[in-house]
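An overview of the molecular structure
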Amino acid sequence: MTKNIKNPETFSSVWPVETTEEEPIHIEPYLYDEEVQLHPRRRKLKQPEIIGILPIRNVVVYPGTVTPLAIGRKRSKALLDYAAHNDSVIGLLTQRNPNVDKPGFDDLYSVGTTASVLKVIKLPQGSMHIVVHGITRFKVTGRLGTKPFLKAKVEYIDVNLRMTKKLQALIVSVRQAANRVIALSPNVPEEASVLLENIENPSALADFLAANLSLDIAKKQQLLEEFDPAKRLEQISVILAHQLEVLELSHKIQGRVRESIDKNQREYFLQEQLKAIQTELGQKDLRSDELKQLGQNIAKAKMPKKVEEEALRELDRLSKIPPASPEYSVIRTYLDWVCELPWSIQTKDQLDINKAQRILNSDHYDLTKVKKRILEFLAVRKLNPTGKSPILCFVGPPGVGKTSLGKSIARAMGRKFVRISLGGIRDEADIRGHRRTYIGALPGRILQELRKCGSKNPVFMLDELDKVGSDFRGDPASALLEVLDPEQNFSFTDHYLDQPFNLSSVMFIGTANYTEPVPPALRDRMEVIELPGYTETEKLKIAKKYLIPRQQKEHGLSKSRCGIKDDAILAVIRGYTREAGVRNLERNIAAVCRAIATEIAKGSKRRATITKKDLAKILGPTHFESELALRTGIPGVATALAFTPVGGELLFIESASMPGKGKLQLTGQIGDVMKESAQAAFSIVKANSKKLNINAEQFSKFDYHIHVPAGAIPKDGPSAGIAIYTSLVSLLLGKPTRPDVAMTGEITLRGLVLPIGGLKEKILAAKQAGIKTVILPARNKKDIPDVPAEAKKGMKFQYIKNTNEALKIAMNNH
């Protein structure tokens with residue numbers, strides 16, 4: 001009974017065997033069971049002490065196995081002829097090195113298997129194939145010759161076996177392991193397990209498994225040379241355990257993969273069944289409807305030709321991908337974004353100049369420059385509808401109405417309004433979007449907001465431009481260069497969309513408190529319009545026209561039930577706020593309205609009118625008081641004017657001397673530029689001590705300390721230079737400065753006074769503090785017309801070119 005056993009995983013599926021000199025060939029092995037051993041022809045074979053040796057390579061033949069071999073060498077053919085005529089067995093010895101074509105005894109292992117030739121097949125090329133049956137082990141004891149074939153004296157190995165409980169347990173264990181291996185090997189036939197169970201002899205069982213295990217030649221030869229069946233079974237048990245572990249792990253992995261594939265196939269099968277059922281019922285195919293709807297959306301969007309071609313190409317891809325594929329949702333989301341962007345949708349500009357002017361005036365008080373620029377743009381658009389939109393940047397302190405002004409401009413032009421805050425943004429992808437390769441990718445904020453507003457020409461406000469950050473993820477400010485450049489933004493390319501989108505019809509408006517943090521390249525692309533702080537009268541009018549009515553409405557109060565006198569509003573402006581804008585003023589008005597609403601809700605009052613004397617009860621004691629006369633009443637104190645993000649401020653420069661060696665100490669959390677101004681002022685005083693009637697010996701006997709109060713607030717800039725100089729001279733001469741004089745200006749070592757910025761804010765701060773005379777650099781005289789007439793009313797401006805002129809004005813009463 002002959003069996004053909006094939007196992008590509010654990011058992012050898014292909015065996016390289018004895019070859020011709022030209023090409024190696026591969027033949028599948030055959031095994032047979034105990035019925036072959038009872039074949040009558042086997043009993044007639046001779047097994048003499050001297051036998052012919054057939055060298056084989058890349059295979060080890062075990063007793064009880066039937067193996068095909070390819071014969072091509074002359075000595076091998078001569079041996080087969082001799083064995084056929086004499087009914088003799090042949091000895092099979094494996095080559096140590098398979099690359100040797102004419103092996104001698106030194107090239108062969110010394111232990112092999114005797115075999116009988118069951119079948120010979122001669123081929124046309126002169127080679128032949130034979131099928132041999134292994135009989136028993138032998139060991140070479142003498143080398144007798146090499147011609148016409150190898151001859152050797154051999155000793156046959158008899159197996160003496162004593163069955164013990166341990167051996168029986170080992171046989172059971174090996175059988176179980178082998179059966180498990182066969183069960184996990186899908187290409188092994190069921191007959192293998194049957195054959196395995198029918199082998200009772202431990203030696204035959206070990207040889208059967210050794211012949212079929214996937215091992216290297218050296219390991220197979222080692223098993224052949226192990227004459228003790230028990231030890232041979234132990235070694236095979238270890239090999240089976242290792243291969244079983246690998247097979248189980250492989251089976252587990254394949255199971256997971258198969259489960260995933262089966263799930264997808266099941267979903268696909270059910271989808272196809274659903275389609276067939278819907279067709280039979282006369283219902284529409286949902287996926288076909290979806291693809292058709294997407295095609296209609298693409299056509300309806302009226303996008304540019306190249307973008308439409310790309311969208312249709314993605315739609316074609318989508319139609320070929322099963323819905324269960326992850327790529328399906330990525331393409332579907334992309335097409336939704338492409339279709340929903342306003343490629344051709346825009347609002348019609350309202351080009352009635354007079355109407356636009358009325359809207360701007362009703363929403364905001366003053367801001368003449370900004371309103372004039374918007375009306376100019378509308379006039380140009382009326383004459384040239386295809387002109388480019390301006391890119392403006394509003395710069396000013398908080399609370400002056402930069403953001404609300406953007407809404408008012410959109411209303412005046414009849415456009416939609418979009419605002420995004422850039423404060424704290426550090427990732428370039430916030431502007432340009434992420435590429436589609438990333439999970440959860442989306443377009444940047446620019447296209448997201450355009451999609452929400454549904455128009456390609458809104459008023460688009462980029463808030464807090466001066467607070468944009470940058471790190472390893474990119475520089476958002478650099479990404480804005482393309483957005484805010486009229487020569488480039490007609491083809492703005494978002495990373496997600498990967499197609500150009502025309503932003504040239506969008507009116508971009510940026511806002512910032514400072515222009516210095518904005519990169520120069522970005523600042524160069526915008527038309528900067530400064531929004532200075534409001535005067536006291538302007539704040540009063542804004543409060544009466546805008547803030548009080550808005551807060552009355554928010555608190556459910558009518559004008560007849562809630563009134564606030566002008567003196568109360570002025571008291572709030574002077575004593576409870578100190579700002580360039582009106583944000584804190586509105587908060588205090590809201591607090592007053594809440595107090596009135598509480599009284600009316602309780603029923604204690606039906607209406608209320610707030611005067612100045614009522615404020616202390618509602619808002620508490622005043623927060624700001626003038627300390628001007630006290631601070632300037634002694635020598636060594638001068639009043640400087642400073643510009644901050646919240647408007648103008650008064651700075652009191654204090655100088656003091658103490659016994660020492662002429663050192664200069666600076667305090668008050670001042671910056672490097674201000675420190676250098678103080679050093680320059682000190683040097684000018686020392687250099688001109690004789691002209692100023694100052695005893696030069698004082699500089700070597702005293703140390704000097706310059707302090708700027710409000711030490712918790714950082715201060716910097718060169719504009720306090722003239723005030724520091726005046727403070728030092730006042731100290732050294734022992735003469736106080738005038739309490740109604742404030743000054744600003746940068747100084748040089750030659751004593752010249754250079755121009756400064758923030759003039760309007762500084763003059764407003766001086767006005768609010770009760771200053772009557774302001775000393776300014778002569779080169780700032782040209783900026784005075786920009787200062788509101790109300791701020792200049794009752795004030796005297798003195799223009800100086802050098803430090804000596806400042807001393808004459810600040811100390812002329814002494």
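Just above sits the structure.
What you are looking at is a predicted structure, and each value in this text was computed from that prediction instead of being measured.

**Re the overall build of the protein**
Within the protein, the regular secondary structure consists of 29 helices and 28 strands. Taking 28 Å as the expected radius of gyration for a compact globule of 814 residues, we find that the protein reaches 51 Å, considerably beyond that expectation. Principal-axis analysis of the C-alpha atoms places the extent of the protein at approximately 145 × 90 × 60 Å. A buried classification covers 47% of the 814 residues belonging to the protein. A sequence separation of at least 24 residues applies to 74% of the contacts in the protein between residues at least 6 apart.

**Concerning the nonpolar core**
If you look at soluble globular proteins, the nonpolar side chains tend to sit buried side by side. Phe-394, Ile-409, Met-507 and Leu-615 are the most contacted members of the largest nonpolar core, which has 52 residues in total. Of all the elements, helix H21 (residues 583-602) adds the most residues to this core, at 7 residues. If sequence neighbours within four positions are ignored, Met-507 has contacts with Ile-374, Phe-377, Ser-389, Pro-390, Leu-392, Ile-409, Met-413, Arg-415, Pro-458, Val-459 and Phe-460. With 50 residues, the next largest nonpolar core counts Ile-331, Leu-341, Cys-453 and Tyr-496 among its residues.

**Section: the pairing of strand S13 (residues 459-463)**
A regular strand places its side chains so that they alternate between the two faces of the sheet. Counting buried residues along S13, 5 of its 5 residues qualify, which places the element largely inside the surrounding structure. The alternating pattern of S13 places Val-459, Met-461 and Asp-463 and Phe-460 and Leu-462 on opposite faces, both of which are buried. In the sheet, strand S12 (residues 417-421) pairs with S13 via 5 bridges, with the strands oriented parallel. Looking at the pairing, Val-418 lines up with Phe-460 of S13. With 4 bridges connecting them, S13 and strand S16 (residues 507-512) associate as parallel partners. Bridge pairing in S16 places Met-461 opposite Ile-509.

**What about a nonpolar patch on the surface?**
Together, Val-159, Leu-161 and Met-163 line one region of the surface with nonpolar side chains, adding up to about 230 Å² of accessible area. When you line up the elements, Leu-161 lands in the loop between strand S10 (150-156) and helix H4 (165-184).

**Concerning the pairing of strand S11 (residues 392-395)**
Going residue by residue along S11, you find Leu-392 and Phe-394 tucked away on one face and Cys-393 and Val-395 tucked away on the opposite face as well. Across 4 bridges, the pairing between S11 and strand S17 (residues 527-530) is parallel. Paired with Val-395 across the bridge in S17 is Glu-530.

**Digging into the sheet that holds S11**
Across the sheet, 5 strands lie side by side as S12-S13-S16-S11-S17; this open sheet has parallel pairing. Unpaired on one side and paired on the other, S12 and S17 mark the two borders of the sheet. Direction aside, neighbouring strands of the sheet carry axes that sit 20° apart on average. In this sheet, S16 lies alongside S11 in parallel orientation, the contact comprising 4 bridges. Residue pairing for S16: Phe-394 is matched across the bridge by Thr-511. Across the face of the sheet, helix H14 (residues 402-413) comes into contact with S11, S12, S13 and S16 while running at roughly 175° to S13.

**Observations concerning the side chain of Thr-65**
For Thr-65, the location among the structural elements is in strand S6 (residues 65-71). Given the relative accessible area of 3%, Thr-65 is considered buried. Separated by 2.6 Å, the side chain of Thr-65 and the backbone oxygen of Tyr-62 make a polar contact.

**Section: the packing of helix H10 (residues 305-320) against helix H11 (residues 326-340)**
Between H10 and H11, whose axes approach to 10 Å, the crossing angle comes to 150°. By the angle class used here, H10 and H11 are roughly antiparallel. For the pair H10 and H11, the crossing hand works out as left-handed. Contacts between H10 and H11 involve Val-307, Glu-310, Ala-311, Glu-314, Leu-315, Arg-317 and Leu-318 on the former and, on the latter, Glu-327, Tyr-328, Ile-331, Arg-332, Tyr-334, Leu-335 and Val-338. Grouping the constituent residues of the contact of H10 with H11 by class yields 9 nonpolar, no polar and 5 charged.

About the cut-offs
- Residues numbered from 1 in each chain as written.
- Predicted model: local features only at pLDDT ≥ 70, side-chain atom pairs only at ≥ 80, totals over all residues.
- Heavy atoms only, no water.
- Helix = DSSP H or I, 4+ residues; strand = E, 2+ residues; numbered from the N terminus.
- Rg over C-alpha atoms; globule rule 2.2 N^0.38 Å.
- Buried < 20%, exposed > 50% of the residue type's maximum accessible area, 1.4 Å probe, protein only.
- Contact = heavy atoms within 4.5 Å.
- Core = buried A, V, L, I, M, F, W, Y, C linked by side-chain atoms within 4.5 Å.
- Pairing = 2+ DSSP bridges.
- Patch = residues over 30% accessible without salt bridge, like charges linked within 9 Å, V, L, I, M, F, W, Y side chains within 5 Å.
- Areas by Shrake-Rupley, 256 points an atom, 1.4 Å probe, with all protein chains shown as cover.
- Salt bridge = Lys/Arg side-chain N within 4 Å of Asp/Glu carboxyl O.
- Axes fitted to C-alpha atoms, helices over the stretch in contact; angles between N-to-C directions.
- Polar contact = N/O pair within 3.5 Å; in protein donor to acceptor, adjacent residues only side chain to side chain.
- Parallel < 35°, antiparallel > 145°, perpendicular 65-115°, else oblique.
- Left-handed = near helix turned anticlockwise from the far one by under 90°.
- Nonpolar A, V, L, I, M, F, W, Y, C, P; charged D, E, K, R; others polar.

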